[in-house]
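Survey of secondary and tertiary structure
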Amino acid sequence: MGVIYLNQYLKRPIEYIPLGNWPTPIQHLKLSFKFDLYIKRDDLSSDEYGGNKIRKLELILPKIKDKDLLISFGGSGSHQLGALALYSKRYGYKLISIIKSQYPTYYQKKIYEIIKENSYRIIEIEDLDPFVIVRTLKEIVKNKTYILFPGGTTPLTVAGYIGAVIELVEQIKQNRLPYPEKIYIAVGSGGSCAGILAGVWLLNLPIKVIGVKIVNSFTATKRYIVELAKLSLKYLDYKYGLKKRYRFDLSSFYLEENFIGKGYGYPTKEAIDAINYFSKKLPDLTLEPTYTAKTLSALLSREKEVVVLYWHTAPRIYKKLY
Ligand SMILES: Cc1ncc(COP(=O)(O)O)c(C=O)c1O
C-alpha cells in the first residue's frame, strides 16, 4: 500500500497493519476532446469498507496495540468513525464514539448504523469544538486510552496520503495515467489533502492540489492545510528520517471554498447534479453528498481543457448497503 511506497523514502520504516487493497485502481473518463478525467478509486481500498480512512487506519492500528480503550469523534455519519468502529470490533478494541448529530441523509444513516453496531459505547455531544471535546474526555479518560480527533488526522496519519502520492507516481511510471495538472480532493479534517500536498512537495511534482472545502471548521483553511503538510513532513523526518530533501511551495495549493453550500452534510444542487451525471457515466462509482459529490461538482464547474485527477475518497461500503 501507500506505506510500502513511503517506506522506501524513510531510513526507519513506519509500522502499519495491512487492511487494504493497494494500489487502488485508476479509472479514465474522457469528458471532451481536451478534457481527460482520471479517478483514483480509493473507494476500493478495502473489501469491507473502503475510502480514504483505510490509509489512516493502517497507521493507527499499530499505535493502539496495548490500549484497552479507544475514543474518537465525528458527525453521526462520519466515515472515520464508521471505519474505526468496524475495524476496532474486528481487532477486539473497545471504541467509544463521541458523536454530534448531523443533517440526516440516506448515507449518514447507513454509516450511523455501522457506528452504532460496532462501537462499545456512543456518547452524543452538542458540538465538536475543542472545549466540548475536552470536557467530555475528562469524564471518561483512563490511562490506557488512545484519543483520536475528528477525521482521524494526526501528523502520522497524514503520511498515509504522502504514501498515496508515491503510489500514484508509481502508477504514472507504469503508464497507467499521465501526470495530472491538478488533483482534486475533499477537505474535512484536512489530513488527506495535506498528505497529498506534502507528497507533491516531497517528490517535487508540478501538480496543483485543489482542496475542496466541505466543512466550516478551522481545519478547512489554507493556512491549516499548509501547516499540517509541513508538520507531517517534519514529523516523518524527525521520527523516521526522510532520505530525500523536500521543498515547500505554497503555489502548489489552492483551497476551493465555494461548493460547501449551507454547510457540512447539507446536499447542494450542484452535488446532486454531479451524483446524477456520474451515475450515468460510471454507475459503479458511488458519490455521497457530503464530500465526494461536492468535490466533483467543484471540478466539473471549474475545469475544462485539462488533465485532472479526482481523488475519490468515499468508502465502497454504500454499494453493499443498497
Ligand atoms: C468520503 C470522504 N472524503 C473526504 C474526507 C476528508 O478527508 P480528511 O478528513 O482527511 O480531510 C472524508 C473525511 O471524513 C471522507 O469521509
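All of the points below concern the structure found in this document. (Residues numbered from 1 in each chain as written. Predicted model: local features only at pLDDT ≥ 70, side-chain atom pairs only at ≥ 80, totals over all residues.)

**Side note on the overall build of the protein**
Counting its secondary structure elements, the protein contains eleven helices and ten strands. Over its C-alpha trace the protein gives a radius of gyration of 18 Å, about what one expects of a compact globule, namely 20 Å for 322 residues. If you line up the protein on its principal axes, its C-alpha atoms span 60 × 45 × 35 Å. Considering only intrachain contacts with a sequence separation of at least 6, the fraction spanning at least 24 residues in the protein is 78%. (Helix = DSSP H or I, 4+ residues; strand = E, 2+ residues; numbered from the N terminus. Rg over C-alpha atoms; globule rule 2.2 N^0.38 Å. Contact = placed C-beta atoms within 7 Å.)

**Some words on the site of the ligand**
For the ligand, the set of nearby residues contains 18 residues, the closest of which are His79, Gly151, Gly188, Ser192 and Thr313. At the level of elements, α3 (79-91), β7 (182-187) and α7 (191-202) are the ones that each hand at least two residues to the shell around the ligand. Of the residues forming the shell around the ligand, the biggest block, three residues, is contributed by α7. Its residues assigned to classes, the shell around the ligand comprises five nonpolar, 13 polar and no charged. Inspection of the shell around the ligand shows a minimum of three residues originating in each of domain 1 (2-53 + 154-321) and domain 2 (58-152). (Near = placed C-beta within 6 Å. Nonpolar A, V, L, I, M, F, W, Y, C, P; charged D, E, K, R; others polar. Domains from an automatic or database assignment.)

**Section: the packing of α7 against helix α8 (residues 222-240)**
One way to put it is that α7 packs onto α8 with a least axis distance of 8 Å and a crossing angle of 60 degrees. It follows that α7 is oblique to α8 by the angle criterion. Crossing of α7 over α8 shows right-handed handedness. Contacts between α7 and α8 pair Cys193, Ala194, Gly195, Leu197, Ala198, Trp201 and Leu202 from the former with Ile225, Leu228, Ala229, Ser232 and Leu233 from the latter. Here the contact of α7 with α8 is built from residues that sort into ten nonpolar, two polar and no charged. (Axes fitted to C-alpha atoms, helices over the stretch in contact; angles between N-to-C directions. Parallel < 35°, antiparallel > 145°, perpendicular 65-115°, else oblique. Left-handed = near helix turned anticlockwise from the far one by under 90°.)

**Concerning the pairing of strand β3 (residues 69-75)**
The buried fraction of β3 amounts to six of the seven residues, a majority that puts the element mostly inside the structure. Note: β3 against strand β6 (residues 145-148), four bridges, orientation parallel. Across the sheet, the residue bridging to Ser72 is Leu148, located in β6. As paired elements, β3 and strand β4 (residues 95-100) share six bridges and run parallel to each other. In the sheet register, Gly75 faces β4, and the bridge partner there is Lys100. Once the chain exits β3 it traverses α3 before rejoining the sheet at β4, and the crossover so formed is right-handed. (Buried ≥ 20, exposed ≤ 12 C-beta atoms within 10 Å, placed from the backbone. Pairing = 2+ DSSP bridges. Right-handed = clockwise from strand over helix to strand, strands pointing away.)

**Some words on α3**
Spanning 13 residues, α3 covers 18 Å between terminal C-alpha atoms, matching the ideal 18 Å at 1.5 Å per step. Where α3 is buried, its residues touch α2 (53-60), β3, β4 and α4 (106-118). Just beyond α3, the residue with positive phi is Gly92, at close to 80 degrees. (Expected span 1.5 Å × (residues − 1).)

**A few points about the pairing of strand β5 (residues 121-124)**
Note: β4 against β5, four bridges, orientation parallel. Along β5, the bridge assignment pairs Ile98 with Ile123. With α4 bridging β4 and the parallel β5, this β-α-β connection has right-handed handedness.

**Considerations on the nonpolar core**
Taken as a class, soluble globular proteins show a tendency for nonpolar side chains to be buried jointly. In this structure, Tyr184, Ile196 and Leu197 are the most contacted members of the largest nonpolar core, which totals 91 residues. Among the domains, domain 1 (2-53 + 154-321) and domain 2 (58-152) are the pair contributing at least three residues each to this core. Discounting chain neighbours no more than four positions away, the residues touching Tyr184 are Ile210, Val212, Thr295, Ala298, Leu299, Val308, Tyr310 and Trp311. (Core = buried A, V, L, I, M, F, W, Y, C linked by C-beta atoms within 7 Å.)

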